[in-house]
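The chain contents come next:
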Amino acid sequence: QVQLVESGGGLVQAGGSLRLSCAASARIIGRYSMGWFRQAPGKEREFVAAITLSGGNTNYADSVLGRFTISRDDAKNTVYLQMNSLKPEDTAVYYCAIGPDIATMPSRTYGWGQGTQVTVSS
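Small disclaimer: the values here were computed from a predicted structure and weren't measured.

Per the secondary structure count, the protein includes zero helices and 11 strands. Counting from the amino terminus, the protein carries its helices and strands in the arrangement β-β-β-β-β-β-β-β-β-β-β. A globule of 122 residues ought to have a C-alpha radius of gyration of about 14 Å, and the protein, at 13 Å, matches this closely. Along the three orthogonal principal directions, the C-alpha set of the protein runs to about 45 × 30 × 25 Å. Looking at the protein as a whole, 43% of its 122 residues are labelled buried. Put simply, 56% of the contacts in the protein that link residues at least 6 apart link residues at least 24 apart. Total accessible area computed for the protein in this model is approximately 6,300 Å², and 48% of it derives from carbon and sulfur atoms. A distance of 4 Å separates the average location of the 11 positive side-chain charges in the protein from that of its 9 negative side-chain charges.

Looking now at unusual backbone geometry. At N77, a position not held by glycine, the phi torsion is positive, near 50°. Looking at the element boundaries, N77 is found in the loop between β7 (68-73) and β8 (78-83).

So, about empty space enclosed by the protein. Scanning the entire structure with this criterion turns up one cavity of 30 Å³ or more. Approximately 80 Å³ is the volume attributed to the largest cavity. Taken together, Y32, M34, I51, T52, L53, R72, D73, D74, N77, T78 and V79 make up the full set of residues lining the largest cavity. Partitioned by chemical class, the residues of the lining of the largest cavity number five nonpolar, three polar and three charged.

A word on the pattern of salt bridges. Enumeration according to the criterion identifies four salt bridges in this entry. Its salt-bridge partner being D90, residue R38 comes within 3.0 Å of it at the nearest N-O pair. In this pair, R38 is assigned in strand β4 (residues 33-39) and D90 in the loop between β8 and β9 (92-99), connecting sequence segments 52 residues apart. On the basis of relative accessible area, R38 is assigned to the buried category, the value being 5%. R67 is paired through a salt bridge with D90; the nearest N and O atoms lie 2.8 Å apart. Of this pair, R67 sits in the loop between β6 (58-60) and β7 while D90 sits in the loop between β8 and β9; the two residues are 23 residues apart in sequence, bridging distant segments of the chain. Like R67, the residue D90 is buried in the burial classification.

What counts as what
- Every chain's residues receive numbers from 1 upward, in the order its sequence appears when written.
- Note on the predicted model: pLDDT of at least 70 is required for a residue's local features to be given, and 80 or more for side-chain atom pairs to be given and counted; whole-chain, interface and lining totals, by contrast, use all residues.
- Side-chain numbers here rest on the full set of heavy atoms in the structure, without hydrogens or water.
- Only DSSP runs of H or I covering at least 4 residues are called helices, and only runs of E covering at least 2 are called strands; the numbering of each starts at the N terminus.
- The quantity called the radius of gyration is restricted to C-alpha atoms. Its globule counterpart is 2.2 Å times the number of residues to the power 0.38.
- Throughout this description, buried means an accessible area under 20% of the type-specific maximum (1.4 Å probe, protein chains only), exposed means over 50%, and partly exposed covers the range between.
- In this analysis, two residues are considered to be in contact whenever any of their non-hydrogen atoms come within 4.5 Å of each other.
- The Shrake-Rupley method, run with a 1.4 Å probe sphere, supplies the accessible areas, and residue values consider only the shown protein chains as cover.
- None of His or the chain ends enter the tally, which takes Lys and Arg as positive and Asp and Glu as negative.
- For this purpose, a charge sits on NZ of Lys, CZ of Arg, CG of Asp or CD of Glu.
- Using a grid of 1 Å spacing that covers the protein atoms alone, one calls a set of points a cavity when a 1.4 Å probe fits there but cannot get out, and a pocket when the set is open and has protein on both sides within 12 Å along at least five of seven lines; lining residues are those with an atom within 4 Å of a point.
- Grid points are joined across faces, edges and corners, and a volume is the space filled by probe spheres set on the points.
- Ten residue types, Ala, Val, Leu, Ile, Met, Phe, Trp, Tyr, Cys and Pro, are classed as nonpolar, four, Asp, Glu, Lys and Arg, as charged, and the remainder, Gly among them, as polar.
- Between Lys or Arg on one side and Asp or Glu on the other, a salt bridge is scored when a side-chain nitrogen of the former is within 4 Å of a carboxyl oxygen of the latter.

Listed below in structure tokens is the structure:
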């Protein structure tokens, strides 16, 4: 089974930046995407961003578009989420995920990271 290990969460002032990392335990065979979901207290888990092998295509939730950038390092089996201009509304636990297509088929996600807390103060 694939294991995902996350890092990079923390406490930051509004307008600041954080960079999340997610490393897979081994190279994945076949088509897949990796990215993040997030869940704030009392709210449903929501999609944040994803990146695919094919052409490095990316997808973003409307709420983070223009502020967050997802990228990957194939040699390290690692994806990164650069989060700029952070807002208090971004406060949540961020969960790295892997699946056939995180953006369009979230229900088919088959691997999850342990979660990392992101807190943005105003």
